[in-house]
2 protein chains.
Amino acid sequence: MNNMKNLMISIDAMGGDNAPHEICKGAIAACKEYDDINITLVGDSEQIKKCIEENPISENSRISIVHADERIEMDDHPTLSMRKKRRSSMRIAMEMVRSGEAQGVVSAGNTGAIVAGGVIVIGRLPSIDRPALGVPLPTVNRCTFLLDVGASVHCRAINLYHYALMGNIYSQKILGIEKPMVSLLSNGSEEIKGDEVVAEAREMISKANLNYTGYIEGNEIVYGNADVVVCDGFMGNVILKFGEGLVSAAHSIIKEEMGQRFLPKVGMVFMIPMLKALWNRFNYEKYGGTPLLGIDGVVIKAHGRSKSPAILSALKTARNLIKKGGVEQIRSELE
Amino acid sequence: MNNMKNLMISIDAMGGDNAPHEICKGAIAACKEYDDINITLVGDSEQIKKCIEENPISENSRISIVHADERIEMDDHPTLSMRKKRRSSMRIAMEMVRSGEAQGVVSAGNTGAIVAGGVIVIGRLPSIDRPALGVPLPTVNRCTFLLDVGASVHCRAINLYHYALMGNIYSQKILGIEKPMVSLLSNGSEEIKGDEVVAEAREMISKANLNYTGYIEGNEIVYGNADVVVCDGFMGNVILKFGEGLVSAAHSIIKEEMGQRFLPKVGMVFMIPMLKALWNRFNYEKYGGTPLLGIDGVVIKAHGRSKSPAILSALKTARNLIKKGGVEQIRSELE
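Parameters at a glance
- Residues numbered from 1 in each chain as written.
- Chains lettered and ligands numbered in written order.
- Predicted model: local features only at pLDDT ≥ 70, side-chain atom pairs only at ≥ 80, totals over all residues.
- Heavy atoms only, no water.
- Helix = DSSP H or I, 4+ residues; strand = E, 2+ residues; numbered from the N terminus.
- Buried < 20%, exposed > 50% of the residue type's maximum accessible area, 1.4 Å probe, protein only.
- Contact = heavy atoms within 4.5 Å.
- Areas by Shrake-Rupley, 256 points an atom, 1.4 Å probe, with all protein chains shown as cover.
- Pairing = 2+ DSSP bridges.
- Axes fitted to C-alpha atoms, helices over the stretch in contact; angles between N-to-C directions.
- Core = buried A, V, L, I, M, F, W, Y, C linked by side-chain atoms within 4.5 Å.
- Salt bridge = Lys/Arg side-chain N within 4 Å of Asp/Glu carboxyl O.
- Phe/Tyr/Trp six-rings, centres within 6.5 Å; stacked < 30°, edge-to-face > 60°.
- pLDDT = per-residue confidence, 0-100.
- Arc of directions from axis to C-beta.
- Polar contact = N/O pair within 3.5 Å; in protein donor to acceptor, adjacent residues only side chain to side chain.

**Regarding the overall build of chain A**
At step 1: If you tally the helices and strands in chain A, you get 13 helices and 11 strands.
At step 2: Looking at chain A as a whole, 58% of its 335 residues qualify as buried.
At step 3: Within chain A, counting contacts between residues at least 6 apart in sequence, those at least 24 apart form 73% of the total.
At step 4: Total accessible area on chain A stands at roughly 13,500 Å², and carbon and sulfur atoms take up 50% of it.

Structure representation (structure tokens):
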């Protein structure tokens, strides 16, 4: 699979706030950028055709459409909707991975349903009972891979241990870090900190063949004091959203303050190159695409608000994971 | 007690990274600012005397010293050190509250020991089994009171319910919000989100006589979409530190980028008024002083890195809480 010239990625064209238009645009952009990928857009074929006709390019020959007349809504119950909406775009896109028609799937839809679909439709890797969503977070010194950011709510020590193993492989093989520093999120750096689950996970992780660097606190994440940070999905979700909120708030505060003052406006002109550099550094869209690890296939969740650049980025992550055989790497690490 | 002209606050002069010098300076500053407070500095009397002699002011008459020849270190075990170091500055300062010699106590020392001391030395309010540390967080639209930020690790639903009641009173009586919007931190805003403990707490809080506004997500905290946000101490601690880390990282990144470019330096001159306004808005020191709620006395924790302005601010919080009878208000709310 790793050496194949042509990959096939299925994409849930109806998932997310800007579906299907931005999803289709992202798929077209990916075909323009990479000549080795084929994409199947799954969803309302009329709407999808219209989007593609608006953006006619020679690469369209590598885009195909599979019709689906249902869609999973953002507020649908994750497991129930995945079980009952059998003709939904998300489920059909996932079934293409199970059947081998596609090597990976991307969706910007309901997160819970993506996780449920990964488990129910595609299946878990042996020994994994909870998959994890991982995000490469831009920080001051490096890109830190944080997992789980919301596949599960809470978890047991063994799950945190699996997250550490999977995060380590992802960091090595996909993000290219030779010997990733792996750490466990806690409420203090001393060994007596952490709750029972975290303390038990520390025991397991510190004995594994990992470059384990101990507990990490919230403020240290920001400085990128680790390559991989492991935590439960409740905490990871709150941190990720808090961080996104701060970045977007900083943007709106600067705009507001600027509106009230004349001098800053003058200053702003001079500062534009710096602000562009900062934005490039912290732009989450660039890193877009959250892999669902622990599933027997490549599943990438894109942000619900994704526009075409974020979809392109999620497709890029999927392509990368497929080409590098990420799932097989994780499978063999877990054995 | 609320109408007394002269309050007495005891302060652990040996707690924190900058003790005793900055603690003494903060105490002197508080006496200068408020003519109704007396302060007892507890710690190594030689060192304290020296600090005070370096800053001779007429207000010194309202400062007294109680000698303590032990101190609780930052890495001491919280409960053990509080039980065993009976002559430590922190314990003696707390005993002054228990005996009624002081109406409140401030320490910038070991957080766990402050919580243990509150419980062991001063005692909990009836019906409270876990006290909570609360922090007024500066956000885009308002000051949000977040609790617990680290008094406990995890907790049961009843504890989260108590935090909601205590946070509501603190927000009303101390922060002056008429009808505080109280919310519960979760991994999504829909009712099906949250783990079992959070879901059970939601049931209890939504039935209480509170202006409960539902689950709040990480990104909404930043915008100040609630006056009171309730969560367990593990999560609260991680969020608080992550936020502090981001503020300090933003500062260092701007400096770094500025060093590399000439134009931004020119722009910076124009932007200084705006940056000052931003800093005033988000400067944690201004809000300094974290009340330990649920204890039968006023206990204020200051940040371990506190310099004199943060100590002044913690003393101000203690004074405010004493004068407004905050502890009595919470006691009657819990009954």
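Continuing now.
**Regarding the sheet that holds strand 6 (residues 143-147) of chain B**
Residue and element names in this part refer to chain B.
At step 1: Strand order in the open sheet formed by 11 strands is 3-2-1-4-11-10-5-6-9-7-8, and the pairing between neighbours is mixed. Two strands bound the open sheet, and with one partner strand each, they are strand 3 (63-67) and strand 8 (211-216). Strand-to-strand twist across the sheet, computed as the mean angle between neighbouring axes with direction ignored, equals 25 degrees.
At step 2: Note: strand 5 (residues 132-138) against strand 6, five bridges, orientation antiparallel. Across the sheet, P136 pairs through a bridge with F145, a residue of strand 6.
At step 3: Strands in contact with helix 4 (residues 89-98) are strand 1 (7-12), strand 2 (37-43), strand 3, strand 4 (104-107) and strand 11 (298-301); relative to strand 1, the strand with the most contacts, it is inclined by about 160 degrees.
At step 4: Across the sheet, helix 7 (residues 196-207) lies against strand 7 (181-185) and strand 8, angled at about 160 degrees from strand 8, the strand it touches most.

**Considerations on the nonpolar core**
At step 1: Counting 209 residues, the largest nonpolar core has L41 of chain A together with L41 of chain B as the members making the most contacts within it.
At step 2: With near-sequence residues (within four places) excluded, L41 of chain A lies in contact with I11, A13, I23, C24, A27, I48, I52, I63, S64, I65 and V66 of chain A.

**Section: the pattern of salt bridges**
At step 1: As enumerated under the stated definition, the model contains 26 salt bridges over all chains in all.
At step 2: Across the pair K85 of chain A and D76 of chain A runs a salt bridge whose closest N-O atoms are separated by 2.6 Å.
At step 3: A residue is classified by how much of its surface remains accessible, and D76 of chain A, at 19% relative accessible area, is buried.
At step 4: Residue E95 of chain B pairs with R98 of chain B through a salt bridge whose shortest N-O separation is 3.9 Å.

**Considerations on the pairing of strand 6 (residues 143-147) of chain A**
Side-chain positions along a regular strand alternate between the two faces of the sheet.
Residue and element names in this part refer to chain A.
At step 1: Across the five residues that make up strand 6, a large majority, four, are buried.
At step 2: The antiparallel hairpin formed by strand 5 (residues 132-138) and strand 6 contains four residues in its connecting segment.
At step 3: By the bridge criterion, three bridges tie strand 6 to strand 9 (residues 228-230) in an arrangement that is parallel. Among the inter-strand pairings, L146 is bridged to a residue of strand 9, identified as V229.

**Quick word on the packing of aromatic side chains**
The geometry of an aromatic ring pair is captured by the separation of the ring centres together with the interplanar angle, meaning the angle of the planes.
At step 1: On inspection of all chains with the given rule, the structure shows three aromatic pairs over all chains.
At step 2: Arranged with centres 4.4 Å apart and planes meeting at 15 degrees, the rings of F145 of chain A and Y170 of chain A form a pair that is stacked. Highlighted residues: F145 of chain A in strand 6 and Y170 of chain A in helix 6 (residues 157-174), separated in sequence by 25 residues.
At step 3: Aromatic side chains F242 of chain A and F242 of chain B sit 6.2 Å apart centroid to centroid with 45 degrees between the ring planes, which places their arrangement in the tilted category. Of this pair, F242 of chain A sits in helix 9 (residues 233-260) while F242 of chain B sits in helix 9 (residues 233-260), which puts the two residues in different chains.

**A short note on the sheet that holds strand 7 (residues 181-185) of chain A**
All names here are of chain A.
At step 1: If you trace the 11 strands from one edge of the open sheet to the other, you get 3-2-1-4-11-10-5-6-9-7-8, paired in mixed fashion. Of all strands in the sheet, those with a lone pairing partner are strand 3 (63-67) and strand 8 (211-216), marking the two edges. Taken over all neighbouring pairs, the strand axes of this sheet differ in orientation by 25 degrees on average, direction set aside.
At step 2: With four bridges connecting them, strand 7 and strand 8 associate as parallel partners. Residue pairing across strands places V182 opposite Y212, the latter belonging to strand 8.
At step 3: Contacts from helix 7 (residues 196-207) reach strand 7 and strand 8, with the element oriented near 160 degrees to strand 8.
At step 4: Strand contacts of helix 12 (residues 308-323): strand 1 (7-12), strand 2 (37-43), strand 4 (104-107), strand 10 (290-293) and strand 11 (298-301), with the helix running at about 140 degrees to strand 1, the strand carrying the most contacts.

**Here's the deal with the confidence of the model for chain A**
At step 1: On average, chain A scores 88 in pLDDT, and the residues at 70 or more come to 87%.
At step 2: Scoring of the predicted complex yields 0.87 for pTM and 0.82 for ipTM.

**Observations concerning helix 2 (residues 45-54) of chain A**
Residues and elements named next belong to chain A.
At step 1: Every buried residue of helix 2 is accounted for by S45, I48, C51 and I52. Relative to the axis of helix 2, the buried residues are bounded by an arc of 125 degrees and lie together on one face. Within helix 2, the exposed residues directed more than 90 degrees away from the buried face are E46, K50 and E53.
At step 2: Contacts from the buried residues of helix 2 go to helix 1 (21-33), strand 2 and strand 3.
At step 3: You can read the cap of helix 2 off the contacts: a side-chain oxygen lies 3.0 Å from the backbone nitrogen of E46, and it is on D44.

**Describing unusual backbone geometry**
At step 1: In this model, A19 of chain A is joined to P20 of chain A through a cis peptide bond whose omega is -5 degrees.
At step 2: Inspection of the secondary structure assignment puts P20 of chain A in the loop between strand 1 and helix 1.
At step 3: For the bond from L147 of chain B to D148 of chain B, the omega torsion is 5 degrees, close enough to zero to count as cis.
At step 4: Locating D148 of chain B in the fold gives a position in the loop between strand 6 and helix 6 (157-174).
At step 5: Phi is positive for S127 of chain A, close to 80 degrees, though the residue is something other than glycine.
At step 6: Along the polypeptide, S127 of chain A turns up in the loop between helix 5 (111-122) and strand 5.

**Section: the environment of N55 of chain B**
At step 1: For N55 of chain B, the location among the structural elements is in the loop between helix 2 (45-54) and strand 3.
At step 2: Separated by 26 residues in the primary sequence, N55 of chain B and A29 of chain B have C-alpha atoms spaced 10.0 Å apart.

**Observations regarding the side chain of N110 of chain A**
All names here are of chain A.
At step 1: Note that N110 resides in the loop between strand 4 and helix 5.
At step 2: Overall, N110 belongs to the buried group, its relative accessible area being 4%.
At step 3: There is a polar contact of 3.2 Å between the side chain of N110 and the backbone oxygen of M74.

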